[in-house]
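Commentary on secondary and tertiary structure
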Amino acid sequence: MEAGIVSFGAYIPMQRMQRKLIGDMWGNQGGAGEKAVANWDEDSLTMAVEAGIDCLGGRERDAAGVLFASTTAPYREKQSASIIRKVLDLAPACLTLDSAGSLRGGTAALTAALDMAQASPGKTYMVSAADLRKPAPASALELGFGDGAAALLVGTEDVIATVNAHRSRSSEFIDLWRRDKDLYTQMWEDRYVVSEGYEKMMGENIVRFLEELHAVPGDYARAAISAPGPGPLRVVCRKTGFSFGSQVSAGLFESVGHTGAALPLMMLVEALESAAPGERLLLAAYGDGVDLFDLTVTERIARLPRKRGVAGHLASRLPLESYGRYLRFRSLMEWEFDRRPPDRSSLAVIARESSQIYSLHGAMCRRCGTVQYPVQRVCTECRTQDDFDEVRLADRKGILFTFSMDERAMVPDLPNVLCIVDLEGGGRFYSVLTDRTPSAIRIGMPVELTFRKIHEGSNLYNYFWKARPVRV
Amino acid sequence: MESIKDKVAIVGMGCTAFGELWDKDADDLVIEAANEAFSDAGIEVKDIQAAWVGSMERYTGATVSVPLQLQYIPVTRVENACATGYEAIRNAAFAVAAKVYDLVLVVGVEKLKDHGFPGLPVSLAADKWHPVYGAHATAPGRYAMAASRYFHRYGLKPEEGKRLLAQISVKSHHNGARNPKAHLRREITVEEAMNAPIIAWPLGLYDCCGVTDGAAAAILCRTEDARAFRDDYVTIKGIEVCVGPGQGKIRTDYDFTHWEETEIAARAVYAQAGIKNPRQEIDLVECHDCFAIAELIAVESLGICAKGKAQVDIESGAWTQEGEIPVNMSGGLKSFGHPIGASGCREVYEIYKQIQGKAQEPSRQLKGPKLGLAHNQGGHPGKFMCAVCAIGAP
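Residues numbered from 1 in each chain as written. Chains lettered and ligands numbered in written order. Predicted model: local features only at pLDDT ≥ 70, side-chain atom pairs only at ≥ 80, totals over all residues. Heavy atoms only, no water.

This next bit is on the overall build of chain A. From N to C terminus, chain A includes 13 helices and 22 strands. Computed over C-alpha atoms, the radius of gyration of chain A comes to 22 Å, within 12% of the 23 Å expected from 2.2 N^0.38 for 472 residues, which places it in the range of a compact globule. By principal-axis analysis of the C-alpha atoms, chain A measures approximately 70 × 55 × 40 Å. Every one of the 472 residues in chain A was classed for burial, and the buried ones make up 60%. In chain A, 70% of the contacts between residues at least 6 apart in sequence involve partners at least 24 apart. Just so you have it, chain A exposes about 19,000 Å², and 50% of that area is on carbon and sulfur atoms. (Helix = DSSP H or I, 4+ residues; strand = E, 2+ residues; numbered from the N terminus. Rg over C-alpha atoms; globule rule 2.2 N^0.38 Å. Buried < 20%, exposed > 50% of the residue type's maximum accessible area, 1.4 Å probe, protein only. Contact = heavy atoms within 4.5 Å. Areas by Shrake-Rupley, 256 points an atom, 1.4 Å probe, with all protein chains shown as cover.)

This paragraph deals with the overall build of chain B. The number of helices and strands found in chain B is 12 helices and 11 strands. Dimensions along the principal axes, computed over C-alpha positions, put chain B at roughly 60 × 45 × 40 Å. The buried share of chain B, reckoned over its 394 residues, is 66%. The long-range fraction of contacts in chain B, counting pairs at least 24 apart against all pairs at least 6 apart in sequence, stands at 78%. For chain B, the accessible surface area stands at approximately 13,400 Å², while carbon and sulfur atoms represent 53% of it. Here chain B carries 41 positive and 49 negative side-chain charges, and the mean point of each set is 3 Å from the other. (Lys, Arg positive; Asp, Glu negative; His and termini not counted. Charge placed at Lys NZ, Arg CZ, Asp CG, Glu CD.)

Taken together, the contact pairs 36 residues of chain B with 42 residues of chain A. Both faces considered, chain B and chain A share a buried interface measuring about 3,500 Å² in area, 63% of it formed by carbon and sulfur atoms. Summed over the shared surface of chain B and chain A, the number is one salt bridge. Elements that contribute at least two residues to the side of chain B that touches chain A include exactly α4 (139-153) and β5 (198-201) of chain B. (Buried area = accessible area lost by both parts, 1.4 Å probe. Salt bridge = Lys/Arg side-chain N within 4 Å of Asp/Glu carboxyl O.)

Moving on, we come to the sheet that holds strand β17 (residues 388-392) of chain A. All names here are of chain A. Taken in spatial order, the three strands make up an open sheet running β16-β15-β17, and their pairing is antiparallel. The open sheet is flanked by β16 (371-372) and β17, the only strands paired with a single partner. Two elements, strand β15 (residues 361-365) and β17, share five bridges in a ladder whose sense is antiparallel. In the strand pairing of β17, M364 is matched with D389. (Pairing = 2+ DSSP bridges.)

On to the sheet that holds strand β12 (residues 280-286) of chain A, then. Residue and element names in this part refer to chain A. Strand order in this open sheet of nine strands is β5-β4-β6-β7-β1-β8-β13-β12-β11, and the pairing throughout is mixed. The open sheet is flanked by β5 (95-100) and β11 (222-225), the only strands paired with a single partner. Along the sheet, successive strands turn relative to each other by an average axial angle of 20°, direction set aside. Both strand β8 (residues 161-170) and strand β13 (residues 289-297) contribute to a ladder of nine bridges, which runs antiparallel. (Axes fitted to C-alpha atoms, helices over the stretch in contact; angles between N-to-C directions.)

On the surface, a cluster of negative charge is contributed by D23(B), D25(B), D28(B) and D114(B). Turning to its location among the elements, D114(B) is positioned in the loop between β4 (103-110) and α4. (Patch = residues over 30% accessible without salt bridge, like charges linked within 9 Å, V, L, I, M, F, W, Y side chains within 5 Å.)

Where charged atoms of side chains with opposite charge meet at close range, the side chains can pair. The tally for this structure, following the rule as stated, stands at 60 salt bridges over all chains. D232(B) is paired through a salt bridge with K358(B); the nearest N and O atoms lie 3.7 Å apart. Of this pair, D232(B) sits in the loop between β7 (214-222) and β8 (234-243) while K358(B) sits in the loop between α12 (343-356) and β10 (371-380), and the two are 126 residues apart along the sequence. According to the relative accessible area criterion, K358(B) is partly exposed, its value standing at 36%. Because the salt bridges share partners, they merge into one network encompassing D41(A), E42(A), D435(A), R452(A) and K466(A).

All names here are of chain B. Between helix α3 (residues 84-97) and α12, the shortest axis-to-axis distance is 5 Å and the interhelical angle comes to 70°. Judged by the inter-axis angle, α3 sits roughly perpendicular to α12. Residue-level inspection shows G85, Y86 and I89 of α3 in contact with α12, the latter providing G344, C345, E347 and V348. A breakdown of the residues in the contact of α3 with α12 according to their chemical character gives four nonpolar, two polar and one charged. (Parallel < 35°, antiparallel > 145°, perpendicular 65-115°, else oblique. Nonpolar A, V, L, I, M, F, W, Y, C, P; charged D, E, K, R; others polar.)

Turning our eyes to something else, we now look at the environment of R366(A). Residue and element names in this part refer to chain A. With respect to the helices and strands, R366 occurs in the loop between β15 and β16. Separated by 20 residues in the primary sequence, R366 and D386 place their C-alpha atoms 9.4 Å from one another. Once residues within four sequence positions are removed from consideration, R366 is found in contact with D387, F388 and D389. In this structure the side chain of R366 is engaged in a polar contact, spanning 2.8 Å, whose partner is the side chain of D387. One polar contact links R366 to D389, side chain to side chain, over a distance of 2.9 Å. (Polar contact = N/O pair within 3.5 Å; in protein donor to acceptor, adjacent residues only side chain to side chain.)

Next up on the list: empty space enclosed by the protein. Under the definition given, this model contains three cavities of 30 Å³ or more. Quantified by volume, the largest cavity comes out at close to 140 Å³. Every residue lining the largest cavity is counted, 17 residues in all, and those nearest its centre are S431(A), V432(A), I454(A), V132(B) and A135(B). Within the lining of the largest cavity, the residues separate by chemical class into 12 nonpolar, four polar and one charged. Along its surface, the second largest cavity is lined by K35(A), A36(A), V37(A), L132(A), R133(A), P135(A), F145(A), G146(A), D147(A), Y326(A) and R330(A). Partitioning the lining of the second largest cavity into residue classes produces six nonpolar, one polar and four charged. (1 Å grid on protein atoms, 1.4 Å probe; cavity = no way out; pocket = protein on both sides within 12 Å on 5 of 7 lines; lining within 4 Å. Points joined across faces, edges and corners; volume = space filled by probe spheres on them.)

Residues and elements named next belong to chain A. Contact geometry for helix α6 (residues 190-213) and helix α7 (residues 230-240): axes closest at 9 Å, N-to-C directions at 35°. Considering only the axes of α6 and α7, their crossing is right-handed. Here V194, Y198, E199, M202, G203, I206 and V207 of α6 lie close against α7, whose contacting residues are P232, L233, V235, V236, K239 and T240. Considering only residue class, the contact of α6 with α7 consists of nine nonpolar, two polar and two charged. (Left-handed = near helix turned anticlockwise from the far one by under 90°.)

What follows is about unusual backbone geometry. Here the residue pair L414(A) and P415(A) is connected by a cis peptide bond, since its omega of -5° sits within 30 degrees of zero. The residue P415(A) is located in the loop between β18 (398-406) and β19 (416-423) in this model. Cis geometry is adopted by the peptide bond preceding P202(B), which originates at W201(B) and carries an omega value of 5°. Tracing the backbone through its elements, the reader meets P202(B) in the loop between β5 and β6 (203-204). Of note in the backbone geometry, A81(B) takes a positive phi value of approximately 50° without being a glycine. Relative to the elements of secondary structure, A81(B) occurs in the loop between β3 (75-78) and α3. When its relative accessible area of 4% is taken as the criterion, A81(B) is described as buried.

This part covers the nonpolar core. F464(A), I293(B), L296(B), W319(B) and L373(B) are the most contacted members of the largest nonpolar core, which has 119 residues in total. Among all residues touching F464(A), those that are not within four sequence positions of it are Q356(A), I357(A), L360(A), Y373(A), F429(A), T450(A), F451(A), R452(A), I454(A), V132(B) and Y133(B). By size, the runner-up hydrophobic cluster in this structure holds 70 residues, among which are M116(A), A275(A), L283(A) and L304(A). (Core = buried A, V, L, I, M, F, W, Y, C linked by side-chain atoms within 4.5 Å.)

Take a look at the structure:
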């Protein structure tokens, strides 16, 4: 059996900032369209989780590996994939691997995952790529960059798109970079890096790949080709013979922005979510070289459960109406000292309760069936002690029972919406509502759960679950 | 088991001015409150045989024995969040009723304003600290969840509900403005309350109590010994503490529109005191109004007002000085202020003075009150530790 794509998912943050607004801020034209901006409580790790949940859907949580790809992992030293693994409630025997620092990191991980799946038939491996990008304020990159994630599940069974061939070319060429001590991404002269780097390398490698496959552009229904932007993408289409606009979509640049390591996979998801059985697809990623994949969509795609993917997330948006809020979200300035008791954490508590905190396991009493979160050793209903099963609550939807809007809480984006959510299947979750418009919150509204960064107490990233109005 | 009713008397009380007392520390507040109580009872420090001190922030009996230089007597510091004051009274009362001691001192004290933080330190919310669960929740944020649900349940439009809360705040400020010892002594209007900056919707600035320094003290003895000190003593008719299993944020059957612990403690106190019709028999209520919604629901949960009928009472002025059942004649936590450990004793001070006909500022004096009900609760909706206490003429 050939390894291929078994499932896919994507994630685009809700907040969208118009490029014209950025231009107004800096006194220039800005640009057309808008970019996706992660909320203050999101990062690459949480976005990779979201894409992973979209990808895994209602499947058994039995993937044998999680490969996280990003140029903006939250920790320089400390693996993100190991946390993602726990949040997705996968087994400890799962292989966890971070593919760091490259725009080609997602497709490099995909190459590795395909080989792993090939070597272990029947097992699945998930690649999740996410980036929360770091452009300098008032730079051209600030206009172009956006935040997002995509995930692919790879295996040898129930394949929805076979990977017929793939090739990798490495290059030491530097065009964009960010050193360990830099805050922001830097770029060499753009005319040079685009024409000598991207357009040359991508153009030549696509042409050679097609020659090796004895294929022509017309054989492909769609081509997911990453690029620095729509202009260079158009040039590569001209060089290689693909049709910009019909075979090749630049829509993500217009509505989301360049999402770093996630971009090639998001483009592939965009293609897959509207692909028909039998269609042939090209995936091409650029950055430190080129990765190329030739895929064919199978009939099984029709049986894949509905994904939010790119289209579903695109449609669900909240305008980010001021650049000042963006500054707060990204904490791009030094702020006045907050005269309040500081946030703090405890790794001992987090470790002891990691299934409750990361996997959101509650307890279901074996005597009376009552679901309770957090886990209560003494059942809240029948007071039986220590006789319960752990149940994962993260996938459950709920109803907003009550809420408040706290204008004085110690969070970057006010109001802090405290909420009580009554979950389907029983149990109540005391939490915070994120990705919300305060004036639109109503008791009784349907909500779902989302994994977020809560605070940075004790110089750690402290993650937990929040609720949000159902997005799609 | 026996009822505590009429076994224990209060024969002296003291209360400092409450406020942002920058030039006083906790020791100063203890001395001031205790001195007034000693003077009121006509006793000296050396007459005290044991003491109980209620404070969230101060630890050990040294809180009282050091500033007063109590000479090697038993002193216990007690705490039960905002019900701390009543824990001190209750434990002292039990010791006296058990005849282990004859004359004891109770002090409630809190010095909150040295922190340098606006508002309450979050750690005082009585939830077990956790790195992420409940992070950033504040007291107003938690109580406001009860307000949202109460409005929803009883069909109050947001503006309507907020106006009810404003009326409570106006009433309490009107009482506090006429109380020389209160923290916030400014009259406000409903419009000012409606338009004040929002703290946690629907709670605006005037719907939230002050963060305050202060202390109050009481001298307790057995009722049969009370006449040696004064004729116009009061007795404890009933006192009860209720600590719930704290599952309101976990169980789906908690409605966020009543205070279960308060209901249970109130019923216990009415049974101890033999009160059959609280609304008619009680002359004044000092209840826990850290936020306007806290008072609204407290009066219902104390059985003074029928469930869901607070709107009728508030709009008819039933809880004002002229109304059927004056609530928070002192100004309440709302405008008297809420130094956590001191509030219980301070509520009793108001009832004590009112029954004696010695209310601070004559315009606040009720006509011939005989029985007062006091209430404090710590924690937040879904997890309370509360105390209810009935104080009356002998």
